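These are the residues of each chain, in order.
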Amino acid sequence: MKQLTYQVTVLGGGPSGLMAAIAAAENGAKTLLIDKGNKLGKKLAISGGGRCNVTNRLPQDEVIKHIPGNGRFLYSAFSIFNNYDIIDFFEGLGVALKEEDHGRMFPVSNSAKSVVNALLNKLDELGVTIMTDTPVEAIDYGTESHFIILKSKKKIETKTVILAVGGKAVPYTGSTGDGYAWAKKAGHIITDLYPTEVPLLSNESFIKTKSLQGLALRDVALSVLNNKNKVIVTHKMDMLFTHFGVSGPAVLRCSQFVVKELMKGNKQVTMEIDSLPSENDQELYNKYIKIMDENPKKNVKNIFKGIVPERYLDFLLTKNDIDDEKTANISREKIRNLVHDFKHFKFLVNGSQPIEKAFVTGGGVSTKEVIPNTMQSKFMNGLYFCGEILDIHGYTGGYNITSAMVTGRVAGMNAAWESLA
Ligand SMILES: Cc1cc2nc3c(=O)[nH]c(=O)nc-3n(C[C@H](O)[C@H](O)[C@H](O)COP(=O)(O)OP(=O)(O)OC[C@H]3O[C@@H](n4cnc5c(N)ncnc54)[C@H](O)[C@@H]3O)c2cc1C
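My aim in this report is to walk through the structure given alongside it, one point at a time. All figures in this text were calculated on a predicted structure; none of them were measured in a lab.

### Let's talk about the pattern of salt bridges
Per the counting criterion, the structure on display carries 22 salt bridges. A salt bridge links Arg-51 to Glu-100; its shortest N-O distance comes to 2.8 Å. One end of the pair, Arg-51, is in the loop between helix 2 (42–46) and strand 3 (55–56); the other, Glu-100, is in the loop between strand 4 (97–99) and strand 5 (104–107), with 49 residues separating them in the sequence. You can call Arg-51 partly exposed: its relative accessible area is 22%. The exposure class of Glu-100 is partly exposed, given its relative accessible area of 24%. Where Lys-153 meets Glu-137, a salt bridge forms, and the shortest distance between an N and an O atom there is 2.5 Å. Of this pair, Lys-153 sits in the loop between strand 8 (146–150) and strand 9 (155–163) while Glu-137 is found in strand 7 (residues 136–141), placing the two residues 16 residues apart along the sequence.

Right, dumping it as structure tokens:
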């Protein structure tokens, strides 16, 4: 059977693989990009609600802070190509970007297609060979070159190979975890895989009875507590009650901390909602006691109306056994408990949706075994990693795509240089 020979072969055409192939070809390597899907960049096209959240404009240190899964590993790569370089790169491709809340960058067109097409045009311009509908089955590692074994049993010889096949989240986009076995074969450790940026499950009665289903709380401070009731992390964003538990931006950000607590063997994890994070407990209590004293004939619900969404207020009033009665008839203790719930409503979560429904995969190829300024394997010549296959995960907001593109760029450049040396 005829063998094809390439200097750099990139497996996977997500943001990391597309960027890696562009970087490899720009640096003079004969480059092949293989993807099992019928289209490249499927997950990129659905990111940011289909508008493609290409990167984030926050300062580099902030971006790295928003990548809680081994973000610090990226410092070396960021010194070569960072989030601002991504912005320049896309503007250079003719894709104008705009900044939205929290530094998130989107194409002005609001269309993921414009981003994906710009990358595809660049690959075309650089003469990168593209094989779609081509699942890779295995890799035979050699000393001078490696062989990519396709599902069709065809073999492709390549001087260097870049694993950019992603993680296990949302498998219909093509990311089905195929690359972990190939990394293991080269001697790499795959750290435990788990869902991150994922909705959480709860057996609380108010979830089961769907009392709060569909209710969104804006700008709350949501915390994850450990089994000593100490706060592990707090995120101030919106959240949503669902029929199975909780979701929304604050929940997604907290989710990996919950999952890690559950992975330690805890059956359930406590979360706490501060629905009025800019108010102090005692001041809040004093404020409302004063209002109540001044309005003894007013109904209690009217006193607190508008402080939180009405459904949430009704829920907390019921929880604290407060009927909609005159303020003069309510005990101070009940009001103190109600105010406490505005600030510290605790509930239990006992799981998350599965990794397939998560936005991002936690765990992956151990970063300890990858050279941070080249993305090369510490064990195998000519083997490189980039993107979500690595044990790197960030919050949603452009941080994962940034990590994918930065590691892709560095892997592509270095694979090209190694293959041409
Ligand atoms: C709905 C959704 C929204 C998201 N929104 C955001 C966001 O707003 N901000 C953010 O930063 N991140 C977001 N993410 C995460 C982000 O999209 C991913 O982290 C990123 O796409 C990972 O890039 P990657 O190149 O590593 O892998 P992927 O994008 O997963 O691409 C991997 C590619 O490899 C191919 N492949 C896999 N196995 C094989 C094989 N055996 N043979 C050949 N090809 C193979 C696949 O077909 C696929 O095209 C979102 C994810 C999802 C699911």
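### What about the sheet that holds strand 5?
Overall, antiparallel pairing links the three strands, which are arranged 3-5-4 in an open sheet. What marks the edges here is a single partner per strand, and that holds for strand 3 and strand 4. Sheet topology places strand 3 next to strand 5; two bridges connect them, and they run antiparallel. Within the sheet, the bridge partner assigned to Asn-56 lies in strand 5 and is Arg-104.

### A closer look at the site of the ligand
Residues in close proximity to the ligand total 33 residues, the closest being Ser-16, Asp-35, Ser-175, Asp-178 and Glu-388. A distance of 3.4 Å separates an oxygen atom of the ligand from a polar backbone atom of Gly-48. Look at the ligand: alone it shows 1,000 Å² of surface, and the protein chains cover 95% of it. Counting residues per element, the ones that place at least two in the shell around the ligand are helix 1 (15–26), helix 2 and helix 14 (399–420). The dominant element in the shell around the ligand, judged by the number of residues it contributes, is helix 14, at four residues. Per-class residue counts for the shell around the ligand are twelve nonpolar, 16 polar and five charged.

### Concerning the packing of aromatic side chains
Counting across every chain of the model gives twelve aromatic pairs. Ring centres of Phe-206 and Phe-315 lie 5.2 Å apart, and the angle between their planes is 55°; on these two criteria the pair is classed as tilted. Taken as a pair, Phe-206 in helix 8 (residues 205–208) and Phe-315 in helix 12 (residues 310–319) lie far apart in primary sequence, 109 residues in all. Of the two residues examined, Phe-206 and Phe-315, each falls in the buried class. Here the aromatic cluster, defined as three or more aromatic residues joined through ring pairs, consists of Phe-206, Phe-241, Tyr-312, Phe-315, Phe-345 and Phe-347. Above the plane of the ring of Tyr-285 lies Arg-336, whose end atom (NZ or CZ) is 3.9 Å from the centre.

So, how was this worked out
Residues numbered from 1 in each chain as written. Predicted model: local features only at pLDDT ≥ 70, side-chain atom pairs only at ≥ 80, totals over all residues. Heavy atoms only, no water. Salt bridge = Lys/Arg side-chain N within 4 Å of Asp/Glu carboxyl O. Helix = DSSP H or I, 4+ residues; strand = E, 2+ residues; numbered from the N terminus. Buried < 20%, exposed > 50% of the residue type's maximum accessible area, 1.4 Å probe, protein only. Pairing = 2+ DSSP bridges. Near = heavy atom within 4 Å. Polar contact = N/O pair within 3.5 Å; in protein donor to acceptor, adjacent residues only side chain to side chain. Areas by Shrake-Rupley, 256 points an atom, 1.4 Å probe, with all protein chains shown as cover. Nonpolar A, V, L, I, M, F, W, Y, C, P; charged D, E, K, R; others polar. Phe/Tyr/Trp six-rings, centres within 6.5 Å; stacked < 30°, edge-to-face > 60°. Lys NZ or Arg CZ within 6 Å of the ring centre and 35° of its normal.

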